[in-house]
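Residues per chain are reported as follows:
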Amino acid sequence: RILSLSSNSIPSLLGLAPQPALEVLLAGANQVSSLAGLSATPNLQSLSLAENPVALERRYRLAVLLSAAAGGMLSLSRLDACPLGADELAQARTMAWPQRLAALYGWMPRHIS
């Protein structure tokens, strides 16, 4: 139920085989640059991606929440050893689809003059 991949210079989680029983994924201190591949872990409760390029992205926590919801990971409750807050969950639930996509893909809105 726990998989530790920390400190292995892993560039991506895309090669992760489906892990329906996995509850904790420790993948900190790698080279992971995207959230792709998380859908292989539908029952994940705790995820650690600290010290990866993806964790430095703007709106990282929100993007993880949206990615989790899109992949059916509805039991995710901890990210990088910190509980997901009620305000974060509420923000993810109330966002319109264009804003969700922007947060997930790091798109920045253009200001029209």
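About the cut-offs
Residues numbered from 1 in each chain as written. Predicted model: local features only at pLDDT ≥ 70, side-chain atom pairs only at ≥ 80, totals over all residues. Heavy atoms only, no water. Helix = DSSP H or I, 4+ residues; strand = E, 2+ residues; numbered from the N terminus. Rg over C-alpha atoms; globule rule 2.2 N^0.38 Å. Buried < 20%, exposed > 50% of the residue type's maximum accessible area, 1.4 Å probe, protein only. Contact = heavy atoms within 4.5 Å. Areas by Shrake-Rupley, 256 points an atom, 1.4 Å probe, with all protein chains shown as cover. Lys, Arg positive; Asp, Glu negative; His and termini not counted. Charge placed at Lys NZ, Arg CZ, Asp CG, Glu CD. Pairing = 2+ DSSP bridges. Salt bridge = Lys/Arg side-chain N within 4 Å of Asp/Glu carboxyl O. Polar contact = N/O pair within 3.5 Å; in protein donor to acceptor, adjacent residues only side chain to side chain. Axes fitted to C-alpha atoms, helices over the stretch in contact; angles between N-to-C directions. Parallel < 35°, antiparallel > 145°, perpendicular 65-115°, else oblique. Left-handed = near helix turned anticlockwise from the far one by under 90°.

The next point concerns the overall build of the chain. Looking only at helices and strands, one finds three helices and five strands in the chain. When the helices and strands of the chain are placed in sequence order, the string is β-β-β-α-β-β-α-α. For 113 residues, the compact-globule estimate of 2.2 N^0.38 gives 13 Å, and the C-alpha radius of gyration of the chain, at 14 Å, lies within 12% of that figure. With the principal axes as the frame, the chain shows a C-alpha extent of 50 × 25 × 25 Å. The buried share of the chain, reckoned over its 113 residues, is 38%. For the chain, restricting intrachain contacts to residue pairs at least 6 apart in sequence, the fraction spanning at least 24 positions comes to 34%. When the accessible surface of the chain is summed, it comes to about 6800 Å², and 58% of that surface belongs to carbon and sulfur atoms. The distance from the centre of the 8 positive side-chain charges to the centre of the 6 negative ones in the chain is 8 Å.

The subject of this paragraph is the sheet that holds strand 3 (residues 46-48). Pairing is mixed in the open sheet, where five strands are placed in the order 1-2-3-4-5. Whereas interior strands pair on both sides, the edge strands pair on one side only; in this sheet they are strand 1 (2-4) and strand 5 (82-83).

This next bit is on the side chain of Asp80. By the element assignment, Asp80 lies in the loop between strand 4 (78-79) and strand 5. Buried charge without a salt bridge: Asp80, with Arg61 as the nearest opposite-charge side chain at an N-O distance of 5.3 Å. A distance of 2.6 Å separates a polar side-chain atom of Asp80 from the backbone nitrogen of Leu49. A distance of 2.9 Å separates polar atoms of two side chains, one belonging to Asp80 and the other to Tyr60.

Next up on the list: the pattern of salt bridges. In the structure shown here, the tally under the stated rule is two salt bridges. For the salt bridge of Glu88 with Arg61, the shortest nitrogen-to-oxygen distance reads 2.6 Å. Separated by 27 residues along the polypeptide, Glu88 in helix 2 (residues 86-94) and Arg61 in helix 1 (residues 60-70) bring together distant segments of the chain. Given the relative accessible area of 17%, Glu88 is considered buried.

To continue, consider the packing of helix 1 against helix 2. Orientation of helix 1 relative to helix 2, taken along the N-to-C sense of each, is 60 degrees, at an axis distance of 10 Å. What the angle tells us is that helix 1 and helix 2 run oblique. Here the hand of the crossing between helix 1 and helix 2 comes out right-handed. Between helix 1, through Arg61, Leu62, Leu65 and Leu66, and helix 2, the contact on the second element is made entirely by Glu88, Leu89, Gln91 and Ala92.

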